[in-house]
Amino acid sequence: RERKLTEAQEGVMAFLKTSPNSSIGREIFGAILVLRGQTPEGLAELLRALELAPAQSTASTKAGVIYLALGDLAKAKAYLQRSVESNPKDRQAHQRLGMIFEGENQLATAIAHYEKGVEGTPINYLGVKVNLARLYNLQGEFEKVIRLLTPVATAQSGTAAAHLTLGSAWLGQKDPQKALA
């Protein structure tokens, strides 16, 4: 968390010498390698972690996120779905699945994943709330947009996308004054 990657890598490598079959150790080592720009090696470690512990949702989510970044949507989707099967409350996996399903124009499925992905987040968390709100707007569910974004899109927040999405919802509610605000 402190981004002390050299120290983290040294520590996890020492741990893996005594516990080479630790799935958590392999996952942490893989994440460190990815953060250091060694994506293929890091991904290999994450996949090794999953061989050791197939239901380890955190490793599966990390693999899915990497495949998503690499543009391999089929593998990304498979690993992220595996994550939510192991841990139905994995917000990051749900958020990324929402993005994938939205890209596939499967809006109802995208909404369902986005909703699970924002569940339990802090009130001021923005994340994919704008993605979810945008889809609500497309569905004509303007009240949901207003409930979701009003706490986030404040005068102090510089989040243009949230403000525009919220403004669109107010327009949908036929309240141009609130939309202009």
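The coordinates are above.
First things first, this report covers the structure right here in the doc. (Residues numbered from 1 in each chain as written. Predicted model: local features only at pLDDT ≥ 70, side-chain atom pairs only at ≥ 80, totals over all residues. Heavy atoms only, no water.)

## Thoughts on the layout of surface pockets
Argument step 1. As a volume, the largest pocket reaches approximately 350 Å³.
Argument step 2. Looking at the largest pocket, the residues that line it are A31, V34, L35, L46, T58, T61, K62, V65, I66, D90 and Q92.
Argument step 3. The set of elements that each furnish at least two residues to the lining of the largest pocket consists of α2 (23–35) and α4 (57–70).
Argument step 4. The greatest single-element share of the lining of the largest pocket, amounting to five residues, is contributed by α4.
Argument step 5. Its residues placed into classes, the lining of the largest pocket shows six nonpolar, three polar and two charged. (1 Å grid on protein atoms, 1.4 Å probe; cavity = no way out; pocket = protein on both sides within 12 Å on 5 of 7 lines; lining within 4 Å. Points joined across faces, edges and corners; volume = space filled by probe spheres on them. Helix = DSSP H or I, 4+ residues; strand = E, 2+ residues; numbered from the N terminus. Nonpolar A, V, L, I, M, F, W, Y, C, P; charged D, E, K, R; others polar.)

## Things to note about the side chain of T61
Argument step 1. Within the fold, T61 resides in helix α4.
Argument step 2. Taking the relative accessible area as the measure of exposure, T61 reaches 2% and is therefore buried.
Argument step 3. Those residues in contact with T61 that lie beyond four places of it in its chain are L80, S83, D90, Q92 and A93. (Buried < 20%, exposed > 50% of the residue type's maximum accessible area, 1.4 Å probe, protein only. Contact = heavy atoms within 4.5 Å.)

## Here's the deal with the nonpolar core
A general trend in soluble globular proteins is that nonpolar side chains are found buried together.
Argument step 1. Formed by 38 residues in total, the largest nonpolar core has its most connected members in L132 and L149.
Argument step 2. Only α3 (39–52), α4, α5 (73–86), α6 (91–103), α7 (107–118), α8 (129–138), α9 (142–149) and α10 (160–172) provide two or more residues apiece to this core.
Argument step 3. Sequence-distant contacts of L132, defined by excluding residues within four places in its chain, comprise I111, Y114, E115, V118 and L148.
Argument step 4. Grouped together as the second largest cluster of nonpolar side chains are five residues, V12, L16, I32 and L33 included. (Core = buried A, V, L, I, M, F, W, Y, C linked by side-chain atoms within 4.5 Å.)

## Details of the packing of aromatic side chains
Argument step 1. Tallied over the full model, the rule gives one aromatic pair.
Argument step 2. On the numbers, 5.5 Å between centres and 20° between planes, the contact of Y67 with Y79 is stacked. One end of the pair, Y67, is in helix α4; the other, Y79, is in helix α5, and twelve residues separate them in sequence. (Phe/Tyr/Trp six-rings, centres within 6.5 Å; stacked < 30°, edge-to-face > 60°.)

## Quick word on α9
Argument step 1. Turning to α9, its buried residues number three or more, namely F142, V145, I146, L148 and L149. One side of α9 holds all its buried residues, which, seen down the axis, span an arc of 170°.
Argument step 2. Where α9 is buried, its residues contact α8 and α10. (Arc of directions from axis to C-beta.)

## Let's talk about unusual backbone geometry
Argument step 1. In the Ramachandran plot, R3 falls in the positive-phi region, its phi being about 65° despite a non-glycine side chain.
Argument step 2. Summarising the element assignment, R3 is placed in the segment before α1 (5–18).
Argument step 3. For R3, a relative accessible area of 55% corresponds to the exposed category.
Argument step 4. The phi angle at K174 is positive, at roughly 60°, despite the residue not being glycine.
Argument step 5. Looking at where K174 falls in the secondary structure, it is placed in the loop between α10 and α11 (176–180).

## Side note on the pattern of salt bridges
Argument step 1. Counted according to the given criterion, the structure contains seven salt bridges.
Argument step 2. The partner of K62 in a salt bridge is E27, with the nearest N and O atoms 2.6 Å apart. Of this pair, K62 sits in helix α4 while E27 sits in helix α2, placing them 35 residues apart in sequence.
Argument step 3. Residue E27 is classed as buried on the basis of its relative accessible area, which comes to 5%.
Argument step 4. Here E141 makes a salt bridge to K144, at a shortest N to O gap of 2.8 Å. (Salt bridge = Lys/Arg side-chain N within 4 Å of Asp/Glu carboxyl O.)

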